[in-house]
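Examining the three-dimensional arrangement
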Amino acid sequence: MKKILFTRKLIKTSEDYASQLFKVKFNIDDELLTKEEIITQSNDCDGIISTVTEVFDNDIISKLSKRIVIISNFGVGFNNIDIKAAKKRNIIVTNTPDVLTEATAEIAILIILGAARRATEGIKYARNKNWKWSSNFLIGKELNQARLGILGMGRVGRAVAHRARSFGMKIHYYNRVRLSPDLEKDSVYHDSIKSLFSVSDFLSINCSSTKETKHIINKKTLNYFPNGAVIANSARGEIIEDDSMIEALKNGKVFSLGLDVYNGEPNIHPEYLTLSNVFVLPHLGSATYTTRKAMSDLAIDNIREFFENGNCKNIVN
Ligand code: DGY
């Protein structure tokens, strides 16, 4: 039987399933493991199930035991892993696509709405019991008839578009590759981010985090937006350059911002927490039982499939 290290706790029934397939080393307390702990604890293992909270850079990958042949990442994003360094060591990396698309799109819509309709301020007033209704109270931005730019029209981007259409939004998108007409539907393709941002009354960030997308929202590109845009990031924190965003939130270029993901999680730039036009959630994109269970099972099945067939459909390197 192959031996697998689980860096974090997964859904209980999935862990039970894994116990039938492999010798398992679970993280019972669910405490974050240090690099050294990952290296020593995986020393006698054949594979690792990792999550977004562990960084597998070149340094740690080069120190892993030669026995490790697979890192199965719990998540569709795998920017926490240096996949080239893994490849050099003949370690395959897998992810868990598809199963989290709908849950993540729901959170994308929540942060768009939370930012547009001033939920941070509204919740504070309501909880402090110090509000009075008035026709001018907490006036927000309406989604109906507004243009929604989607940065990254993959599975999650398209699921956001599907939901946003029912709010009456007009969909625009930028993607590395233009979608086929059946996927594009009524959405308008832009061949540059400048063109997309310039029509984005709202922007939903749904691209993956790569060298090319790191800080793609920055001082220069924020100027492309219409004044008073609403921006929401449910992808990865690294896509936004925080200092420029904070300046734009203060001077009104950006009306409001919805965030589920951050640079250097679990830290959040302290100014985001003091600005009333920022709506924050703690990386809840895939956090429903159905989705987390499906992700847990898929992360396990990726390893099972790999050891059974010497291959796996969700390899990313
Ligand atoms: C993902 O799969 O990338 C989600 O953000 C969960 O980490």
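Here we summarise the structure given alongside this text. (Residues numbered from 1 in each chain as written. Predicted model: local features only at pLDDT ≥ 70, side-chain atom pairs only at ≥ 80, totals over all residues. Heavy atoms only, no water.)

As for its placement among the helices and strands, isoleucine 4 is situated in strand E1 (residues 3-6). Along the primary structure isoleucine 4 and aspartate 44 are separated by 40 residues, whereas in three dimensions their C-alpha atoms are 8.8 Å apart. Sequence-distant contacts of isoleucine 4, that is, excluding residues within four places in its chain, are made with Phe22, Lys23, Val24, Lys25, Cys45, Gly47, Ile48, Ile49, Ile303 and Phe307. (Helix = DSSP H or I, 4+ residues; strand = E, 2+ residues; numbered from the N terminus. Contact = heavy atoms within 4.5 Å.)

Scanning the model with the defined rule gives 0 disulfides in all. Left without a disulfide partner, cysteine 312 is nearest to the cysteine sulfur of cysteine 45, which lies 18 Å away. (Disulfide = S-S within 2.5 Å.)

Moving on to the site of the ligand. Near the ligand, the surroundings consist of Val52, Gly75, Val76, Gly77, Leu100, Arg236, His283 and Ser286. Interatomic distance of 3.0 Å between a backbone N/O atom of glycine 77 and an oxygen atom of the ligand. Contacts to the ligand include arginine 236, whose side-chain N or O atom sits 2.6 Å from an oxygen atom. For the ligand, the accessible surface in isolation is 230 Å², of which the surrounding protein chains cover 89%. Considered class by class, the residues forming the shell around the ligand number 3 nonpolar, 4 polar and 1 charged. (Near = heavy atom within 4 Å. Polar contact = N/O pair within 3.5 Å; in protein donor to acceptor, adjacent residues only side chain to side chain. Areas by Shrake-Rupley, 256 points an atom, 1.4 Å probe, with all protein chains shown as cover. Nonpolar A, V, L, I, M, F, W, Y, C, P; charged D, E, K, R; others polar.)

Bringing the pairing of strand E10 (residues 229-233) into the picture now. Burial runs high along E10: 5 of the 5 residues are buried. Going residue by residue along E10, you find Ala229, Ile231 and Asn233 tucked away on one face and Val230 and Ala232 tucked away on the opposite face as well. In this sheet, E10 lies alongside strand E9 (residues 202-205) in parallel orientation, the contact comprising 4 bridges. Each bridged residue has a counterpart across the sheet, and for leucine 203 the counterpart in E10 is isoleucine 231. For the crossover from E10 across helix H11 (residues 242-251) to strand E11 (residues 254-259), the handedness is right-handed. (Buried < 20%, exposed > 50% of the residue type's maximum accessible area, 1.4 Å probe, protein only. Pairing = 2+ DSSP bridges. Right-handed = clockwise from strand over helix to strand, strands pointing away.)

Read these as geometric descriptors, not functional statements.
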